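Reading the structure
Spelled out, the chains give:
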Number of protein chains: 2
Amino acid sequence: MTRSERPVAEVTAAVTAGDLRTAARLISRIEARDEAVGPIVRSLYAQGTDRRVIGITGPPGAGKSTIVDQLIALWRKRNERVAVLAVDPSSPTSGGAILGDRVRMTRHNTDPNVFIRSMSARGQLGGLSSATGDALIVLSAMGFDRILVETVGTGQNEIDILNHADTVIVVQTPANGDAVQAMKSGLLEIADVFVVNKADTPGADRMVALLRESVEFSGRSHGPDDWIIPVLKTQASAEIGIAEIDSAIQTHTRYLDSHPDYDAARRRKRVRTLLMERLAELLRSRYDGDARQASVFEEQLNAVLARRCDPHTAARHLLDSAR
Amino acid sequence: MTRSERPVAEVTAAVTAGDLRTAARLISRIEARDEAVGPIVRSLYAQGTDRRVIGITGPPGAGKSTIVDQLIALWRKRNERVAVLAVDPSSPTSGGAILGDRVRMTRHNTDPNVFIRSMSARGQLGGLSSATGDALIVLSAMGFDRILVETVGTGQNEIDILNHADTVIVVQTPANGDAVQAMKSGLLEIADVFVVNKADTPGADRMVALLRESVEFSGRSHGPDDWIIPVLKTQASAEIGIAEIDSAIQTHTRYLDSHPDYDAARRRKRVRTLLMERLAELLRSRYDGDARQASVFEEQLNAVLARRCDPHTAARHLLDSAR
């Protein structure tokens with residue numbers, strides 16, 4: 001019996017008991033979209049309880065990994081067990097090189113109470129957000145005190161990934177002034193906490209002011225009692241400002257805990273998006289796997305190519321015949 | 001009768017006759033996901049023939065807009081009619097500010113034979129690639145000699161947009177060395193032509209060498225007779241290298257023309273992806289629009305939130321009851 005054929009109950013029990021090697025293998029299979037992990041994830045989901053997930057994002061070079069590294073150190077001092085999932089939504093064939101290597105090389109590699117994994121599109125079209133969701137189900141079941149998901153950028157793919165987080169930290173640097181100016185409203189949409197890192201470089205105060213103004217000007221009320229997005233200044237490489245990030249995360253968690261209706265509504269909105277993503281994936285795999293469905297698909301594809309039918313009408317036919 | 005209620009035949013005829021104002025309004029409605037444009041797009045698609053579409057992408061600041069501006073000037077000298085669609089797939093709430101403004105301000109704004117439009121996610125979740133497809137159907141029907149679609153970056157959203165192009169130009173600069181190193185295989189996957197712009201800045205030759213090596217090392221055969229991705233050096237701001245880009249586009253078009261099976265297979269693969277995108281969108285709009293479907297969806301959503309059901313199983317139920 002190969003490792004991948006271990007019974008569902010055995011793998012589930014090992015993960016729940018916190019077995020890191022079993023969890024690592026399971027997440028690799030999730031990353032590879034191995035359908036056989038379905039029953040395991042389902043069983044973990046049914047048993048699990050919701051753990052708060054912290055999301056962190058920002059442009060390449062903003063210092064996200066350094067911040068994560070410092071946060072891990074801080075949490076370890078309090079003896080909390082920490083899991084980090086670094087998700088690379090860039091080109092499906094880049095193999096996660098941008099994010100993964102950096103994270104894997106942290107000093108926490110040998111600490112058995114720190115679990116760091118990277119995950120990328122790995123040549124798989126789509127499904128990275130669902131795979132992230134499944135990996136987070138595994139990490140939740142393992143009972144980590146802190147679960148953090150890191151991703152690059154703030155485009156739609158990154159927003160999909162951050163959809164799994166309860167508290168989202170958006171990191172910027174003074175060098176990103178133009179981009180922030182242009183994307184202000186988009187950033188306000190996803191951030192619960194702003195961090196201006198590299199605060200010792202020129203323009204830091206201007207950047208902080210820009211973000212604070214944006215928050216005020218937008219009248220950004222994330223919740224019923226106006227969660228005002230804090231704007232923090234950090235110098236992660238000199239360990240300055242890390243405790244403030246931790247404190248902002250805790251404040252936001254308490255805010256969510258004390259506003260259960262708001263918390264539930266946010267979660268509902270997130271799960272709604274996740275369900276839609278899953279549906280689209282299922283549809284895709286159905287046309288690849290089922291011979292009859294595949295031939296219906298080919299028929300419509302040929303009609304579009306021959307201009308007998310437009311793409312929209314063809315998709316409508318397909319949905320009507322999808323069972 | 002408001003303008004948006006003009007009969008399908010009238011709008012179709014105006015677009016086919018090349019009426020720029022009608023086309024601009026139609027594309028605005030496509031951008032806003034106005035469902036009423038469906039019959040118009042369908043009618044244009046049925047009448048139209050396939051026009052070659054050129055795609056251009058690269059990181060912000062690589063000089064894409066300058067290159068496009070110079071290409072337009074070159075094509076206008078040959079009296080070709082040119083359409084440019086600038087698509088901004090960044091955050092759905094950024095409103096397209098990053099790309100759009102720059103493009104709109106070109107010197108070709110007053111030339112009636114140049115049609116420049118920008119298009120963004122504009123707060124709409126998903127569907128930007130389909131909207132791009134519909135806009136390109138409009139531009140094809142208008143009979144432009146050159147149709148170019150410009151987008152930022154090389155993430156999954158950008159790849160979806162470039163999926164509409166026959167020839168894809170990937171622009172980099174010497175400053176992007178690290179990113180290119182990390183994303184090599186992803187770039188090779190989408191590029192038909194590489195351009196290293198700002199060739200007067202340090203590291204240009206190293207960047208060209210890096211890309212050439214990557215092309216050789218990958219044994220990148222895009223087609224039956226090994227289309228070797230050319231790597232061009234340009235200084236767009238000084239009008240250096242633009243004729244070479246134009247020439248590379250023409251060479252690639254001739255390559256496609258002389259390899260009809262390969263060309264058809266590429267097109268087939270692209271339309272397959274487009275159909276999948278449309279299907280996912282249809283599904284999404286169905287749960288928003290249809291009361292019975294919406295209640296089935298809510299039921300599954302509640303089951304997932306209560307952990308009575310996992311997201312994957314819930315999606316499966318939904319697909320089985322989707323009609």
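Our subject is the structure listed above.
1. Regarding the overall build of chain A
When its secondary structure is counted, chain A shows 13 helices and seven strands. Within chain A, the proportion of its 323 residues that are buried is 58%. When contacts within chain A are restricted to residue pairs at least 6 apart in sequence, long-range pairs at least 24 apart make up 76% of them. A total accessible area of about 13400 Å² is found for chain A, and carbon and sulfur atoms account for 52% of it.

2. Section: the packing of aromatic side chains
Counting across every chain of the model gives six aromatic pairs over all chains. Plain terms: the ring middles of Trp227 of chain A and Tyr255 of chain A are 5.3 Å apart, the flat faces sit at 55 degrees to each other, and that makes the pair tilted. With Trp227 of chain A in the loop between helix H9 (204-217) and strand S7 (231-233) and Tyr255 of chain A in helix H10 (residues 242-258), the pair connects residues that are 28 residues apart, well separated along the chain. With relative accessibility at 8%, the residue Trp227 of chain A sits in the buried group. Between Tyr255 of chain B and Tyr262 of chain B the ring centres are 5.8 Å apart and the planes differ by 80 degrees, which places this aromatic pair in the edge-to-face class. Note on Tyr255 of chain B: relative accessible area 9%, which makes it buried.

3. What about the pairing of strand S1 (residues 53-57) of chain A?
All names here are of chain A. The buried fraction of S1 amounts to five of the five residues, a majority that puts the element mostly inside the structure. What you see with S1 is no split at all: Val53, Gly55 and Thr57 on one side and Ile54 and Ile56 on the other are buried throughout. Pairing analysis gives four bridges linking S1 to strand S5 (residues 167-172), with the strands arranged parallel. Residue pairing in the sheet places Ile56 in a bridge with Ile169 of S5.

4. Re the pattern of salt bridges
Taken as a whole and judged by the stated rule, the model has 34 salt bridges over all chains. In this structure, Glu298 of chain A and Arg268 of chain B form a salt bridge, with 2.6 Å as the shortest nitrogen-oxygen distance. In this pair, Glu298 of chain A sits in helix H12 (residues 291-305) while Arg268 of chain B sits in helix H11 (residues 260-289), so the two residues belong to two different chains. The exposure class assigned to Glu298 of chain A is partly exposed, which follows from its relative accessible area of 24%. Accessibility expressed as a relative area gives 28% for Arg268 of chain B, which makes it partly exposed. Of the charged contacts in the structure, one is a salt bridge between Asp134 of chain B and Arg278 of chain B, with a shortest N-O distance of 2.8 Å. Taken together, the positions of Asp134 of chain B in helix H6 (residues 128-141) and Arg278 of chain B in helix H11 put the pair 144 residues apart, joining distant regions of the chain. What emerges from the salt-bridge pattern is a single network uniting Arg52, Asp166, Asp257, Asp263 and Arg270 of chain A.

5. Topic: the packing of H11 of chain B against helix H12 (residues 291-305) of chain B
All names here are of chain B. Contact pair H11 / H12: the axes reach a minimum separation of 6 Å and the direction vectors enclose 100 degrees. Between H11 and H12, the angle falls in the class roughly perpendicular. In contact with Arg286, Tyr287 and Gly289 of H11, H12 contributes Ala291, Gln293, Ala294 and Phe297. Residue composition of the contact of H11 with H12, grouped by class: four nonpolar, two polar and one charged.

6. Focus: the sheet that holds strand S7 (residues 231-233) of chain B
Residue and element names in this part refer to chain B. Within the open sheet, the seven strands sit side by side as S3-S2-S4-S1-S5-S6-S7. Their pairing is parallel. Edge positions in the open sheet fall to strand S3 (114-120) and S7, since each of these has one partner strand only. Each neighbouring strand pair of the sheet contributes to a mean axis angle of 20 degrees, computed without reference to strand direction. Across the sheet, helix H10 (residues 242-258) is in contact with strand S1 (53-57), strand S4 (146-151), strand S5 (167-172), strand S6 (193-196) and S7; its angle to S5 comes to roughly 150 degrees.

Definitions and limits used
- Residues numbered from 1 in each chain as written.
- Chains lettered and ligands numbered in written order.
- Predicted model: local features only at pLDDT ≥ 70, side-chain atom pairs only at ≥ 80, totals over all residues.
- Heavy atoms only, no water.
- Helix = DSSP H or I, 4+ residues; strand = E, 2+ residues; numbered from the N terminus.
- Buried < 20%, exposed > 50% of the residue type's maximum accessible area, 1.4 Å probe, protein only.
- Contact = heavy atoms within 4.5 Å.
- Areas by Shrake-Rupley, 256 points an atom, 1.4 Å probe, with all protein chains shown as cover.
- Phe/Tyr/Trp six-rings, centres within 6.5 Å; stacked < 30°, edge-to-face > 60°.
- Pairing = 2+ DSSP bridges.
- Salt bridge = Lys/Arg side-chain N within 4 Å of Asp/Glu carboxyl O.
- Axes fitted to C-alpha atoms, helices over the stretch in contact; angles between N-to-C directions.
- Parallel < 35°, antiparallel > 145°, perpendicular 65-115°, else oblique.
- Nonpolar A, V, L, I, M, F, W, Y, C, P; charged D, E, K, R; others polar.

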